[in-house]
Amino acid sequence: MSRNLLLNMAAGVCILMPASFVAAEEGGEPASLRLSHGVWRYDMNTLEEDNGTTTTKTESSGFTTFPGDVELAAFVGEYSVYIYPQDMGGNVLFGKAFDNQEAGLSLGINSRSVKDGDESSENSIGGYYFYSRPLSNKVTFEFDISPTYFMGSEKNTTGGTPPTTQEADISGYSLYLDLLGVVPIAKNFEYVFGIDYTYTKTDIKVKGGTTLKNTDTNLGLILAKFRFFI
């Protein structure tokens, strides 16, 4: 998939989905906002790095308090928007609900540059499918799956006379899924627990050098996550 095609698809998402969201709001339905934030989780991560000659495997695990997985969601009628703010690599999801399901597109356009210094970009496009089902009046089951294609670039400049610049093109795909239990604690306040899994395949093509192939998998136990409805 070329960068121009990716950006054209992204432009289409930016134009069509927000327009539908605004139309639903103008129809008289009030919007509701939801803020989600992780509090405590346990991750088991495996990273394999292949430089064409050797393969290095690194395994890590541990607990994280306040991992930073912030989500801001807005709902108007059957339309939804989810925002995942990050310093680099944040994305937005636009979707539409039908019965107890929801589906939509995800989009991320991010870049950063330092004058006469480093540059980086990360663009992505994908989709998602969401399913929920009440198990009782106390617990709701949720399932989410989201495949994403991404591409970007990096330029790193190191000091010296003259300075040395290394450039690389980055591309790959990822798959995210989760299985969650949602428990209402009080009015407009929910506790979330469950598991999530992320698989990421990345190719880093260094200009004038080698191609690095990385495979990153992460299985996480969501021990505490909270949602606040505004």
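Quick caveat, the model's predicted, so the values are computed rather than measured.

Trainee: Would you mind going over the overall build of the protein in detail, with residue names and values included?
Mentor: When helices and strands are tallied, the protein shows 1 helix and 11 strands. Reading the protein from its N end, one meets helices and strands in the order α-β-β-β-β-β-β-β-β-β-β-β. Looking at the protein as a whole, 33% of its 230 residues qualify as buried. Counted over contacts in the protein with a minimum sequence separation of 6, partners at least 24 positions apart contribute 56%. For the protein, the accessible surface area stands at approximately 13,300 Å², while carbon and sulfur atoms represent 58% of it.

Trainee: Before we move on, could you go through the pattern of salt bridges and cite the residues and values that matter?
Mentor: Counted by the stated rule, this structure contains 9 salt bridges. Put simply, Arg 34 and Glu 71 hold a salt bridge, and the shortest N to O gap is 2.8 Å. Of this pair, Arg 34 sits in strand β1 (residues 32–50) while Glu 71 is found in strand β3 (residues 70–76), placing the two residues 37 residues apart along the sequence. Assigned by exposure class, Arg 34 and Glu 71 land together as buried. Salt bridges sharing partners connect three or more residues here, namely Arg 41, Asp 43 and Asp 196.

Trainee: I'd like a rundown of the nonpolar core, residues and numbers included.
Mentor: In globular proteins that are soluble, nonpolar side chains generally tend to be buried together. One finds Ala 73, Phe 75, Tyr 82, Leu 93, Tyr 128 and Phe 130 forming the largest nonpolar core, which totals 6 residues. Of all elements in the fold, only β3 and β7 (119–134) reach the threshold of two or more residues within this core. If near-sequence neighbours (up to four positions away) are discounted, Tyr 128 is found in contact with Tyr 82, Leu 93, Phe 94, Gly 95, Lys 96, Glu 102, Ala 103, Gly 104, Leu 105, Asp 144, Ile 145 and Ser 146. With 5 residues, the next largest nonpolar core counts Phe 150, Ile 170, Ile 204 and Val 206 among its residues.

Trainee: Can you tell me about the pairing of strand β10 (residues 189–206), naming the residues and giving the values?
Mentor: Here strand β9 (residues 164–186) runs beside β10; their pairing, made up of 18 bridges, is antiparallel. From the neighbouring strand, Asp 169 faces β10, where its bridge partner is Lys 205. A loop of 2 residues connects β9 with β10, the two strands running antiparallel in sequence, and Asn 188 in this loop sits at a positive phi of about 65°. Direction of pairing for β10 relative to strand β11 (residues 211–229): antiparallel, over a ladder of 16 bridges. Counted as the bridge partner of Asp 203 is Lys 213 from β11. Between the antiparallel neighbours β10 and β11 lie 4 residues, among them Gly 208 with a positive phi of about 75°.

Trainee: Could you give me a rundown of the packing of aromatic side chains, with the residues and numbers involved?
Mentor: According to the stated counting rule, one finds 9 aromatic pairs in the structure shown. Geometrically, the ring pair formed by Trp 40 and Phe 63 is stacked, given 5.6 Å between the ring centres and 25° between the ring planes. On the criterion of sequence distance, the pair formed by Trp 40 in strand β1 and Phe 63 in strand β2 (residues 55–65) is long-range, its members being 23 residues apart. Centroid distance Phe 189 to Phe 228: 5.0 Å. Interplanar angle 20°. Geometry classified as stacked.

Trainee: How would you explain the environment of Glu 167 if you had to name every residue and give the values?
Mentor: If you trace the backbone, Glu 167 turns up in strand β9. For Glu 167, a relative accessible area of 35% translates into the label partly exposed. C-alpha of Glu 167 to C-alpha of Glu 154: the two residues are 13 residues apart in sequence and 5.6 Å apart in space. Apart from residues lying up to four places away in sequence, Glu 167 is in contact with Glu 154, Lys 155, Lys 205, Val 206 and Lys 207.

Trainee: Describe the environment of Asp 196, and please don't skip the residues or the numbers.
Mentor: Mapped onto the elements of the fold, Asp 196 is located in strand β10. Here Arg 41 takes part through its side chain, which lies 2.9 Å from a polar atom of the side chain of Asp 196.

What counts and what doesn't
- Residues numbered from 1 in each chain as written.
- Predicted model: local features only at pLDDT ≥ 70, side-chain atom pairs only at ≥ 80, totals over all residues.
- Heavy atoms only, no water.
- Helix = DSSP H or I, 4+ residues; strand = E, 2+ residues; numbered from the N terminus.
- Buried < 20%, exposed > 50% of the residue type's maximum accessible area, 1.4 Å probe, protein only.
- Contact = heavy atoms within 4.5 Å.
- Areas by Shrake-Rupley, 256 points an atom, 1.4 Å probe, with all protein chains shown as cover.
- Salt bridge = Lys/Arg side-chain N within 4 Å of Asp/Glu carboxyl O.
- Core = buried A, V, L, I, M, F, W, Y, C linked by side-chain atoms within 4.5 Å.
- Pairing = 2+ DSSP bridges.
- Phe/Tyr/Trp six-rings, centres within 6.5 Å; stacked < 30°, edge-to-face > 60°.
- Polar contact = N/O pair within 3.5 Å; in protein donor to acceptor, adjacent residues only side chain to side chain.

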